[in-house]
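The residues making up each chain are set out below.
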Amino acid sequence: MAGDSKLLPTTGVRQTTRESWRWVAAAYVAGLVSALLVVRSCSSPALRLSHAVYHGAPDAGSTVVDAYPPPSPTNAFPSLFPSNVGHPGPTPTGAEPALVHTAPAYPAHSGAPHLLHPSALHNTTSFDIFTHWGNLSPWFSVPSSAFGIHASPHPPHGCRVTALHLLHRHGARYPTGQASYGGPANFSARLAHYPASWNARGQLAFLNDWTYKLGEEILTPFGRQQLYDLGVSMRIKYGFLLRNFSEGNALPVFRTESQDRMLSSALNFALGFFGHPLDGKYQQLITIEDHGFNNTLSPSKTCTNARDHAKGDRGVHYVRQWADIYLQDALARLRPQIDGLDLTIEDVYIMQQLCAYETIAIGYSKFCELFTQQEWEGFDYSIDLNFWYSSAFGSPVARAQGIGYVQELIARLTHSPIAVHNSSTNATLDDNPLTFPLNQSLYVDATHDTLVLNVITALNLSNFAADGPLPADHIPPNRAFKTSHLAPFASNVQFQVLSCTSSPNPQIRIIINDGVVPLSSIRGCPSVADAPHGTCPLPTFVAAQREIIRNTDWAWGCLGEWEIPPGTAWNTTTGDPPERPFA
């Protein structure tokens, strides 16, 4: 048949079918032998080691976003899925819990369910990385003597809690949009900008296909759980205070701000405290968090000097200085493991931030395995430096920003309206007994880490300032000021009002993350020796705070024209600005 022969178009030579098959077989055998030789050579340990370098994938460092819920789901028929169909079954309620009075001990909070520790540190020591992330730590019960007084949050013998004023921070969130130093999104942008020019190996090999999975500012799932759990915890401890509302035929008024994570935190707290549905159980006041609106829970919006980096962001100078010291070994260790990208100290610092942020967002982070215990202790202290000099006793605008909340606290404690609105207080809301009631036994306010530290400073809880000004070249041993103790995610400050058989006056205690705070730094309050449970007569406490309010010049601190040099050339340990010059 004519088809038994073929014309090879490249040569024009006619060959038989038998000859063609010989060429094919020979080529197949040669290819197979070559492949076997390549596989054998690649199995050499030396060759494997020399080629253990991975090039960054084209999308390495890029941002991954999963948008949920879908905008227009095709199977959404709300009428077929009502939230209430009746037939609830029996619904009798029981007595309100009162754990602070009925239990033999006070329960401790461990802080981080569902989050996974790094394998490099876990099971090797008793070191808990989650408690060394500063303000990025999940809240946990601090050791009973962490603040210099060995006492339990349990009321002292012979005392009963008659009122609770609770100030709490929002739950765990994604990073904020701006960062004066570091910032996780900045590092991912560097990687994504040069996707073909760098490659990583060793501990950093995971970067070759790593993508940025963090959102911005809103609560993470873990953050929502934190506030729900905090609400449950407070109901179990203080549910009995709701009897006063039933007897007075009134509803509690809780406060938060309009920012998404603030409102979500407040609502998750309420769901934990009251249970679903929330209708008819309390009233949620949402204050506007924006420029031009007085708001004691977010006072920087009307404090011009707080938004001046030279005055309100002093901590960055010290963080840079300290990072250049404590991260030198980490930089020397990690820099050789990535080619084509010159790692900096700030890059390495961001990796520590990414460890915390990824863990609280997606449950685990490979970045956590890159650092030693000592380097995590250094990171924790870097955040202390930032907040000490930007939001607490070392900040020239801390007291001015915290004084508005102190004014509101004293108004509630004394059941009397604010006499003069000369700070961040909002006269429209605070002068209205519906939005700012003065006769309730339970108050709950949601706020930010900065405000928690502003208030601690304004109250003059100067036992936390014992080591100040904080040095930027070493960590003070047994330091009193630790942001992870004072303002972690879901941090909570309890102001307990007590009635005690041993005193004709009501007493007050301050408990921060289950640690009792000594009040001996407040004028007139007894020493720790005389008040081992941290109590102070309420009239004494109120008188001292009224004196602080009188002596705090909010207008000068927030709006005054004053300047300070950067660094150690000027310092404060009271949260005050330079004194106002007198004409």
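A quick note: this is a predicted structure, and the numbers were derived from the prediction, not measured.

Calculation notes
Residues take numbers from 1 onward in each chain, read along the sequence in its written order. It should be noted that, the model being predicted, local features are given only for residues of pLDDT at least 70 and side-chain atom pairs only at 80 or more, the latter also being counted only at that level, while totals for whole chains, interfaces and linings use all residues. In computing side-chain properties, one takes all heavy atoms of the structure into account and sets aside hydrogens as well as water. Two cysteine sulfurs form a disulfide in these notes if their separation is within 2.5 Å. Think of it this way: any DSSP run of H or I at least four residues long counts as a helix, any run of E at least two long counts as a strand, and we number them from the N terminus. For patch detection, residues must exceed 30% relative accessible area and be free of salt bridges, and they are connected within 9 Å for like charges or within 5 Å for nonpolar side chains (Val, Leu, Ile, Met, Phe, Trp, Tyr). Shrake-Rupley sampling with a 1.4 Å probe provides the accessible areas, and residues are treated as covered by the protein chains on show and by no other component. The rule for a salt bridge is simple: a side-chain nitrogen of Lys or Arg has to be within 4 Å of a carboxyl oxygen of Asp or Glu. The rule is simple: take the accessible area with a 1.4 Å probe, protein chains only, and divide by the maximum for that residue type; under 20% is buried, over 50% is exposed, in between is partly exposed. Whenever a helix is involved, its axis is fitted only over the stretch in contact; in every case the axis is a line through C-alpha atoms, and angles between N-to-C directions fall within 0 to 180 degrees. Crossing chirality is assigned from the near helix's rotation relative to the far helix, an anticlockwise turn below a right angle marking it left-handed and a clockwise turn marking it right-handed. Residue contacts are counted whenever heavy atoms from the two residues lie within 4.5 Å of one another. Side-chain classes follow a simple rule in which Ala, Val, Leu, Ile, Met, Phe, Trp, Tyr, Cys and Pro form the nonpolar group, Asp, Glu, Lys and Arg form the charged group, and the remainder, Gly included, forms the polar group. Definition used in this section: a nonpolar core is a set of buried Ala, Val, Leu, Ile, Met, Phe, Trp, Tyr and Cys residues joined via side-chain atoms within 4.5 Å. For every residue, the pLDDT score states the predictor's confidence, bounded by 0 at the bottom and 100 at the top. Expected helix span is computed as 1.5 Å times (number of residues minus one).

*Asks:* I would appreciate a short explanation of the state of the cysteines in the present structure.
*Replies:* In protein chemistry, a disulfide is the covalent bond that joins the sulfur atoms of two cysteines. Applying the stated criterion across every chain yields a total of four disulfides. At a sulfur-sulfur separation of 2.1 Å, the disulfide partner of Cys 303 is Cys 558. In this structure, the disulfide formed by Cys 303 and Cys 558 twists by about -95° around the S-S bond and is classed as left-handed. A residue pair is termed long-range when its members are at least 10 positions apart, and Cys 303 in the loop between β7 (283-287) and α8 (309-312) and Cys 558 in helix α18 (residues 554-559) qualify at 255 residues.

*Asks:* Would you explain a nonpolar patch on the surface in this entry?
*Replies:* On the surface, Phe 77, Leu 80 and Phe 81 cluster together to form a nonpolar patch covering roughly 380 Å² of accessible area. Structurally, Phe 81 can be placed in the loop between β3 (54-55) and α3 (99-102). Classification of Phe 81 by relative accessible area gives exposed; the value is 63%.

*Asks:* What is the right way to look at the pattern of salt bridges in this model?
*Replies:* In a structure, side chains of opposite charge can pair up when their charged atoms sit close to one another. All chains considered together, the criterion is met by 17 salt bridges. Residue Lys 366 pairs with Glu 369 through a salt bridge whose shortest N-O separation is 3.4 Å. The exposure class of Glu 369 is buried, given its relative accessible area of 18%. We note a salt bridge from Asp 380 to Lys 482, for which the minimum N-O separation is 4.0 Å. Of the two residues, Asp 380 sits in helix α12 (residues 373-391) while Lys 482 sits in the loop between α15 (449-458) and α16 (483-486), which places them 102 residues apart along the sequence. Among the residues examined, Asp 380 registers a relative accessible area of 1% and is labelled buried.

*Asks:* Where do I start with the packing of helix α4 (residues 184-193) against helix α11 (residues 345-362) in this structure?
*Replies:* Packed helices, taken two at a time, are described by the angle between their axes plus the distance between the axes. Direction vectors running N to C along α4 and α11 enclose 115°, while the axes themselves pass 8 Å from each other. Seen along the crossing, α4 lies across α11 with a hand that is left-handed. Only Asp 347, Ile 350, Met 351, Gln 353, Leu 354 and Tyr 357 of α11 make contact with α4, whose side of the interface consists of Pro 184, Asn 186, Phe 187 and Arg 190. Split into classes, the residues belonging to the contact of α4 with α11 amount to six nonpolar, two polar and two charged.

*Asks:* Can you help me understand the nonpolar core in this one?
*Replies:* Counting residues in each nonpolar core, the largest one holds 115 residues, and the members touching the most others are Trp 133, Leu 207, Met 351, Phe 367, Phe 464, Ile 510 and Phe 541. Take this core: its biggest share by element is eleven residues, from α11. Residues contacting Trp 133, with those up to four places away along its chain left out, are Pro 138, Cys 355, Ala 356, Thr 359, Ile 360, Cys 368, Trp 376, Phe 379, Asp 380 and Ile 383. Ranked by size, the runner-up nonpolar core spans 28 residues in total, among them Met 234, Leu 241, Phe 274 and Leu 442.

*Asks:* Got a minute to help me understand the confidence of the model for the chain in this structure?
*Replies:* The predicted coordinates of low-pLDDT regions are not to be read in fine detail. Per-residue confidence for the chain gives a mean pLDDT of 90; residues scoring 70 or more make up 89%. The model gives residues 1-54 a pLDDT under 50, and that stretch makes 25 contacts with residues more than four places away or in other chains.

*Asks:* How do you make sense of helix α5 (residues 221-238) when you look at a structure like this?
*Replies:* Along an α-helix, residues three or four positions apart point the same way, because every turn accommodates 3.6 residues. An ideal rise of 1.5 Å per residue puts 26 Å on 18 residues; α5 measures up with 26 Å between its terminal C-alpha atoms. Within α5 the residues assigned to the buried category are Phe 222, Gly 223, Gln 226, Leu 227, Leu 230, Gly 231, Ser 233, Met 234, Arg 235, Lys 237 and Tyr 238. Buried residues along α5 sit in contact with α3, β4 (159-169), α6 (242-248), α7 (260-274), α11 and β10 (492-500).

*Asks:* Please clarify how the side chain of Arg 412 should be interpreted in this entry.
*Replies:* Considering the arrangement of structural elements, one finds Arg 412 in helix α13 (residues 398-414). Judged by its relative accessible area of 4%, Arg 412 falls in the buried class. Those residues within four positions of Arg 412 in sequence are excluded, and the remaining contacts are His 165, Arg 255, Tyr 405, Phe 436, Pro 437, Leu 438, Tyr 443 and Asp 445.

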